[in-house]
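Structural characterization, general
What follows is each chain in one-letter form.
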Amino acid sequence: MSSAEDCSTLSRNAMDYKTKLSALSASGNLRHISSVRHDGRWIWDGTHRMLNLSSNDYLGLASEPALVSEFLDTCPQSSRIFSSSSSRLLTGNFEATEELEDLLARAYCRPAALLFNSGYHANTGILPALAEKDCLILADKLVHASIIDGMKLSPAPFLRFRHQDMEQLERIVAKESQKYRLVFIVVESIYSMDGDVTDLRRLSALRKRYKNICLYVDEAHAIGVRGPSGLGIAEEQGVISDIDLLVGTFGKALSSIGAYLVCSQEIREYLVNISRPLIFSTALPPVQLAWTTFLFRRLPQWQARREHLSRISSQLADALRGFGGERSASHIVPFIVGESSACQLRAEILQRHGFYCLPVRPPTVPRGTSRIRFSLTASVQECEVEALIDALLR
Ligand SMILES: *Cc1c(COP(=O)(O)O)cnc(C)c1O
């Protein structure tokens, strides 16, 4: 093919992309990256200041400069290493890496923990490594995109059960489990779009009835904010030891970056050998890991923040009963509007009232259920939630 032809193929395609973007725009589903400025728990859009109600900084730690100063005071110059310069399998393994993994394993009272660069890396690196052709993956219909990508990269067949439909799941397990070596049941403990909480006890009971079930729980939204020491829903429901693969992330309540898997020694060793996002990507910088360790150690101390967050979450969810609030059992509270354009307009109105919230539209949520997803943090005050409710329901 000549270079002239090559070029025209490209530009024809560019036209296709343009048409597709126009279609997204016409249906109110066009996304863009907004350039806002941050000021602690506030967002500036150039003209006005808005309370950030779209952040995953659930404990309010990221908006606390005092914590950073305290960390820097305790972090010696020799530990301020801003790149690991390599994958862990080469020279990217540092003391800080092992220290954090030990801390995690001890906190969960489990044999091992393994760090990943992000929740996305973890979820796209675990199932493709562990679930082979003779295994079955059963995942909740609403699991995070990173888990879906992990399933697609795995050679194992997968089925998705209706959201939180434990009866359907139990029926599928009864019918299918004996045909497979292992059945992976994959759920989140708190779902990101409705803020509902999974009954992990029921899953752990199901796991006990079969010899070949492996429970995989993503606690991304729960780590830090739930459980008596902030370890998540598995801790709150007393089932940590029944979760074979417990994934948590540091980018949300822990105001850092990275993720971890809590598991057995054998699984850890196997993933170190097989999991591609772990093997073929530069490890997290030691200084970042030290920051994560600094915060993770303090998790048990933040019970008052967790209680405050729980109080304001119920306050908002109760007020939004009938509009989606009834779905939530956490600090994530949906306000369901319906059509995307109406939802976008609603979000803009709230922004003008000083509340920074964003519309969530298809394909992230099902068509016709576009919503504003309030993501509360411990730094939001009761009177601010009251003002928000006023602005919403007036
Ligand atoms: C945010 C999130 C992830 C991705 O974690 P990152 O560390 O941001 O890559 C994975 N799973 C769930 C359920 C999440 O909410």
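It should be noted that the structure appears before, not after, this text.
Summary of the structure given here. Along each chain, the written sequence defines residue order, and numbers are assigned to residues from 1. Predicted model: local features are reported for residues with pLDDT of at least 70 only, side-chain atom pairs are reported and counted for 80 or more only, and whole-chain, interface and lining totals are derived from all residues. Where side-chain values are given, they derive from all heavy atoms of the structure, hydrogens and water being excluded.

Moving on, we come to the overall build of the protein. Working definition: helices are DSSP H or I runs of at least four residues, strands are E runs of at least two. Numbering for both runs from the N terminus. Each helix and strand counted, the protein has 15 helices and 14 strands in total. Radius of gyration: over C-alpha atoms. The globule rule applied is 2.2 Å multiplied by the number of residues raised to the 0.38 power. Radius of gyration (C-alpha) of the protein: 22 Å, near the 21 Å computed for a compact globule of 394 residues. Along the first, second and third principal axes, the C-alpha atoms of the protein reach 60 × 55 × 55 Å. Looking at the protein as a whole, 54% of its 394 residues qualify as buried. Exposure is judged per residue with a 1.4 Å probe applied to protein chains only, and the accessible area is read against the type maximum: over 50% gives exposed, under 20% gives buried, and values in between give partly exposed.

Let us now look at the site of the ligand. Nearness here has a simple test: a residue counts as near a molecule or strand if at least one of its heavy atoms is within 4 Å of that partner. All residues adjacent to the ligand are Ser 118, Gly 119, Tyr 120, Asn 123, His 144, Ser 146, Glu 188, Asp 218, Ala 220, His 221, Thr 249 and Lys 252. N or O atoms within 3.5 Å of each other form a polar contact, as long as, within protein, one can give a hydrogen and the other can take it, and as long as residues adjacent in sequence are counted only when both atoms are side-chain atoms. Within the backbone of Tyr 120, one N or O atom sits 2.9 Å away from an oxygen atom of the ligand. Between the ligand and the protein, one listed contact pairs a nitrogen atom with a side-chain N or O atom of Asp 218 at 2.7 Å. Out of a free accessible area of 380 Å², the ligand has 84% covered by protein chains. Its residues placed into classes, the shell around the ligand shows two nonpolar, seven polar and three charged. Shrake-Rupley sampling with a 1.4 Å probe provides the accessible areas, and residues are treated as covered by the protein chains on show and by no other component. Here the nonpolar group is Ala, Val, Leu, Ile, Met, Phe, Trp, Tyr, Cys and Pro; Asp, Glu, Lys and Arg are the charged ones; every other residue, Gly included, is treated as polar.

Salt bridges are defined as contacts in which a side-chain nitrogen from Lys or Arg sits within 4 Å of a carboxyl oxygen from Asp or Glu. For the coordinates displayed, the defined rule picks out 21 salt bridges. Close ionic contact of Asp 194 with Arg 371 constitutes a salt bridge, the shortest N to O distance being 2.6 Å. Here Asp 194, found in the loop between β7 (182-188) and α8 (200-209), pairs with Arg 371, found in strand β14 (residues 370-375); they are 177 residues apart in sequence, far enough to count as distant. The residues Asp 194 and Arg 371 share a single accessibility class, namely buried. With a shortest N-O distance of 2.9 Å, Asp 244 and Arg 207 are connected by a salt bridge. Note that Asp 244 is positioned in the loop between α9 (233-236) and β9 (245-249) and Arg 207 in helix α8, a separation of 37 residues in sequence. Residues Asp 244 and Arg 207 agree in their burial class; the two are buried.

Attention shifts here to the sheet that holds strand β11 (residues 332-338). Taken in spatial order, the three strands make up an open sheet running β11-β14-β13, and their pairing is antiparallel. Sheet topology places β11 and β13 (359-360) at the edges, where each strand pairs with a single neighbour. Two strands pair when backbone bridges link them, and β13 and β14 are joined in this way by two bridges, in the antiparallel orientation. Pairing of Val 360 across the sheet is with Arg 371, part of β14. Helix-sheet contacts for helix α14 (residues 340-352) involve β11, β13 and β14, and the interaxial angle to β14 is about 35 degrees. For two strands to pair, DSSP has to find at least two bridges joining them. Should any heavy atoms of two residues lie within 4.5 Å, those residues are counted as being in contact. With axes taken as lines fitted to C-alpha atoms, and helix axes fitted only over the stretch in contact, angles between N-to-C directions fall between 0 and 180 degrees.

A word on the packing of helix α13 (residues 303-319) against helix α15 (residues 382-393). One can describe the packing of α13 onto α15 by two numbers: an axis separation of 10 Å at closest approach and a directional angle of 15 degrees. On the basis of the axis angle, α13 is roughly parallel to α15. When you trace α13 past α15, the crossing you get is right-handed. Contacts from His 308, Arg 311, Ile 312, Gln 315, Leu 316 and Ala 319 in α13 reach Glu 382, Val 385, Glu 386, Leu 388, Ile 389 and Leu 393 in α15. In terms of residue class, the contact of α13 with α15 is made up of seven nonpolar, two polar and three charged. In this scheme, roughly parallel covers angles under 35 degrees and roughly antiparallel covers those over 145, while 65 to 115 is roughly perpendicular and the rest are oblique. In this scheme, a crossing is called left-handed if the near helix is turned counterclockwise away from the far one by less than a right angle; it is called right-handed if the turn is clockwise.

This part takes up the packing of aromatic side chains. The rule is short: rings of Phe, Tyr and Trp, with Trp giving its six-membered ring, pair when the centres are within 6.5 Å, and they are stacked under 30 degrees, edge-to-face over 60, tilted in between. Per the stated rule, a full pass over the model turns up six aromatic pairs. Pairing Tyr 108 with Tyr 260 gives two aromatic rings, centres 6.0 Å apart and planes at 45 degrees, and the pair type is tilted. Of this pair, Tyr 108 sits in helix α3 (residues 95-108) while Tyr 260 sits in strand β10 (residues 259-263), and the two are 152 residues apart along the sequence. In this structure Tyr 260 comes out as buried when scored by relative accessible area, which is 0%. An aromatic cluster is present here, built from Phe 71, Trp 291 and Phe 294 joined pairwise through their rings. It is Arg 298 that lies over the ring of Phe 294; its NZ or CZ is 3.8 Å from the centre. Whether a charge sits over a ring depends on NZ of Lys or CZ of Arg being within 6 Å of the ring centre and within 35 degrees of the ring normal.

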